[in-house]
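Architecture at a glance
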Amino acid sequence: MAIELETKPDVKAAETGKKTPGFSTLCIHAGNAPEPATGSVTFPIYQTSTYVQEGLGKHKGFEYARTQNPTRMRLEENMTVLERGAGARAFASGMAAITAISTFLKQGDHVVCSNMTYGGTYRYFTKILAKFGVTFDFVDTADVDAVRRAIRPETRMLHLESPTNPTMRLADIAVLSELGHRVGAIVVVDNTFASPYLQTPLELGADIVMHSTTKFLGGHSDTVGGMAIAKSQEHVDWLGFVQNSSGAILSPMDSWLVLRGIKTLVVRMERHEQNGRAVAEHLARHPKVRIVHYPGLPSHPQHALAKKQMRGFGAMMSFELGSFENAGRFLERLKVCSLGESLGGVETLISHPASMTHGSIPEEERNRLGVTPGLVRISVGIEDVDDLIADLDQALEAI
Ligand SMILES: Cc1ncc(COP(=O)(O)O)c(C=O)c1O
């Protein structure tokens with residue numbers, strides 16, 4: 001039986017004038033119609049490399065699994081709806097998604113990128129893409145004038161992260177998209193920290209949104225993957241061509257894990273948000289914490305923009321403990337929270353950006369950007385918040 005890959009009709013309700021389904025409904029049902037052969041409510045993992053063909057040129061639309069995999073296509077359909085795009089393509093990691101997006105560039109093109117971009121993105125841009133004649137300006141994308149000054153006639157891409165990792169600076173996506181479009185640049189937003197629950201950049205004016213699905217979308221620290229969603233069909237087609245040609249596809253198992261993770265995105269994000277706010281407020285009052293970077297705090301310099309552009313403030317934050325030694329003592333004493341790279345899982349993860357995620361950025365540059373030796377980043381999980389706060393408090397006593 002042919003495999004039905006149509007979005008459930010009610011998901012297209014907006015086009016037919018019916019009431020648009022809510023975000024929770026879309027998370028669970030978009031791309032998730034039961035598998036037609038058996039009625040399986042959970043769409044299967046199609047663990048196959050190829051498909052039998054009835055005759056020459058006669059097949060069911062599936063020829064080879066790098067090109068088409070039903071499980072991956074279901075996830076792509078789901079993410080298209082959640083991010084309000086024309087289409088989505090899933091990749092083997094967030095970095096593979098960024099690599100695919102970078103193929104919109106060619107020799108001589110110029111990119112304006114957030115100076116607080118994820119360390120791996122910075123490394124890929126400066127150590128690999130730069131070899132192919134693409135030039136970069138890394139600027140504070142929280143400063144609209146700095147972006148305006150950096151844009152040149154040959155600027156072909158704005159690569160934004162909002163909020164940024166780890167200092168939680170925001171980029172005004174609507175304003176910067178307009179600036180980028182004036183010179184014909186593609187505006188890309190890494191939406192990993194926010195997830196489509198908190199922010200939908202395509203609706204704000206961006207052209208392409210990407211995710212490390214490893215984080216909030218997967219949600220359980222058990223998969224690595226990436227996603228690129230584009231607003232125009234032309235961009236989707238190119239991303240699909242690159243996905244097939246360069247081959248960094250998301251595996252069926254990982255596609256299934258992310259599709260499953262997204263079904264609980266809303267309930268997880270609600271709890272992440274609730275815990276995130278409580279932890280940020282607690283840390284902001286703590287005498288041993290010097291500064292807390294969290295867009296939900298009124299003290300955050302872009303709190304007003306966060307309220308305008310996001311539907312909540314999330315669970316990511318960083319705070320300053322004054323020195324490498326203080327950070328080390330604090331991190332070694334944690335019991336409920338775990339020291340580790342990554343973020344967005346149900347468990348609280350704490351990291352030390354200067355020595356972990358941002359280790360590839362030169363030290364002088366790191367310090368200038370506020371990624372100091374005493375800075376600690378938390379991805380607040382969905383445990384009981386009292387346990388988290390008690391754990392942070394007992395660890396802070398070590399300082
Ligand atoms: C904001 C952001 N973008 C991209 C990536 C890269 O994603 P991946 O590790 O899935 O390749 C990460 C990874 O931590 C990230 O935090």
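Since we're looking at a predicted model, the values are computed, not measured.

For the ligand, the set of nearby residues contains 13 residues, the closest of which are G94, D190, S212, T214 and K215. Interatomic distance of 2.7 Å between a side-chain N/O atom of T214 and an oxygen atom of the ligand. In the complex, 90% of the free accessible area of the ligand, which totals 390 Å², lies under the protein chains. Its residues assigned to classes, the shell around the ligand comprises 3 nonpolar, 7 polar and 3 charged.

The sheet built from 5 strands is open, its strands ordered β8-β9-β12-β11-β10 with mixed pairing. The open sheet is flanked by β8 (292-293) and β10 (338-339), the only strands paired with a single partner. Sheet topology places strand β11 (residues 349-351) next to strand β12 (residues 375-379); 3 bridges connect them, and they run antiparallel. Bridge pairing links S351 to R377 in β12. In this fold helix α12 (residues 265-285) packs onto β8, β9 (316-320) and β12, with an angle of close to 10° to the strand it touches most, β9. Along the sheet face, helix α14 (residues 324-333) touches β9, β10, β11 and β12 and points at about 30° away from the line of β12.

The next subject is the environment of R368. In this fold, R368 is placed in helix α15 (residues 363-368). A distance of 3.2 Å separates a polar atom in the side chain of R368 from a polar atom in the side chain of E365.

With that settled, the discussion passes to the nonpolar core. In this structure, L283 and F330 are the most contacted members of the largest nonpolar core, which totals 75 residues. Per element, the largest residue contribution to this core is 6 residues, and it comes from α12. Apart from the residues lying within four places of it in its own chain, the contact partners of L283 are V289, V292, M317, F319, I378, L392 and L396. Judged by nonpolar contacts, the second largest core, of 24 residues, contains I98, M157, V188 and A230.

The subject of this paragraph is the sheet that holds strand β5 (residues 186-190). The strand order across the open sheet formed by 7 strands is β1-β7-β6-β5-β4-β2-β3, and the pairing between neighbours is mixed. Of all the strands in the sheet, just β1 (87-91) and β3 (135-139) have a single pairing partner and so form its edges. Sheet twist, expressed as the average angle between the axes of neighbouring strands with direction ignored, equals 20°. Bridge analysis of strand β2 (residues 110-114) against strand β4 (residues 155-161) gives 4 bridges, and the strand direction is parallel. Across the sheet, V111 pairs through a bridge with M157, a residue of β4.

Overall, the coordinates contain 14 salt bridges when judged by the stated rule. Among the ionic pairs, D172 bridges to K308, the shortest N-O distance being 3.9 Å. In this pair, D172 sits in the loop between β4 and α7 (173-182) while K308 sits in helix α13 (residues 303-309), placing the two residues 136 residues apart along the sequence. For K308, a relative accessible area of 64% puts it in the exposed group. Between R368 and E365 there is a salt bridge, with its nearest N and O atoms 3.2 Å apart. Of this pair, R368 and E365 both sit in helix α15, 3 residues apart, which is roughly one turn of the helix.

Our focus in this paragraph is the confidence of the model for the chain. Per-residue pLDDT for the chain has a mean of 94; in total, 95% of the residues score no lower than 70. Below pLDDT 50 for its whole length, residues 1-12 participates in 32 contacts with residues either more than four positions away or in separate chains.

Quick look at the packing of aromatic side chains now. Under the counting rule described, the total for this entry stands at 10 aromatic pairs. Ring geometry for Y294 versus F313: centroids 6.5 Å apart, planes at 70°, classification edge-to-face. Here Y294, found in the loop between β8 and α13, pairs with F313, found in the loop between α13 and β9; they are 19 residues apart in sequence, far enough to count as distant. For the pair Y294 and F313, one class covers both residues: buried. Pairwise contacts between aromatic rings join Y122, Y124, F125, F136 and F138 into one cluster.

Here β9 lies mainly inside the structure; 5 of its 5 residues are buried. Residues M316, S318 and E320 of β9 are buried on one face, and the alternating residues M317 and F319, pointing to the opposite face, are buried as well. Inspection of the sheet shows β9 paired to β12 by 5 bridges, in the antiparallel sense. Bridge assignment links F319 to a residue of β12, and that residue is V376.

Now for the side chain of E320. When you line up the elements, E320 lands in strand β9. One buried charged residue, E320, remains without a salt bridge, the closest side chain of opposite sign being R290 at 5.9 Å. For E320, the contacting residues outside a window of four places in its chain are K288, V289, R290, I291, T372, G374 and L375.

Moving on: helix α5 (residues 119-128). Residues of α5 that are buried: G119, G120, T121, Y122, Y124 and F125. Against α4 (94-101), β2, β3 and β4 lie the buried residues of α5.

Its place among the elements puts S102 in the loop between α4 and β2. On the basis of relative accessible area, S102 is assigned to the buried category, the value being 5%. Here S102 is in contact with Y124 and L129, once residues within four sequence places are set aside.

Rules and cut-offs
- Residues numbered from 1 in each chain as written.
- Predicted model: local features only at pLDDT ≥ 70, side-chain atom pairs only at ≥ 80, totals over all residues.
- Heavy atoms only, no water.
- Near = heavy atom within 4 Å.
- Polar contact = N/O pair within 3.5 Å; in protein donor to acceptor, adjacent residues only side chain to side chain.
- Areas by Shrake-Rupley, 256 points an atom, 1.4 Å probe, with all protein chains shown as cover.
- Nonpolar A, V, L, I, M, F, W, Y, C, P; charged D, E, K, R; others polar.
- Pairing = 2+ DSSP bridges.
- Helix = DSSP H or I, 4+ residues; strand = E, 2+ residues; numbered from the N terminus.
- Contact = heavy atoms within 4.5 Å.
- Axes fitted to C-alpha atoms, helices over the stretch in contact; angles between N-to-C directions.
- Core = buried A, V, L, I, M, F, W, Y, C linked by side-chain atoms within 4.5 Å.
- Buried < 20%, exposed > 50% of the residue type's maximum accessible area, 1.4 Å probe, protein only.
- Salt bridge = Lys/Arg side-chain N within 4 Å of Asp/Glu carboxyl O.
- pLDDT = per-residue confidence, 0-100.
- Phe/Tyr/Trp six-rings, centres within 6.5 Å; stacked < 30°, edge-to-face > 60°.
- Lys, Arg positive; Asp, Glu negative; His and termini not counted.

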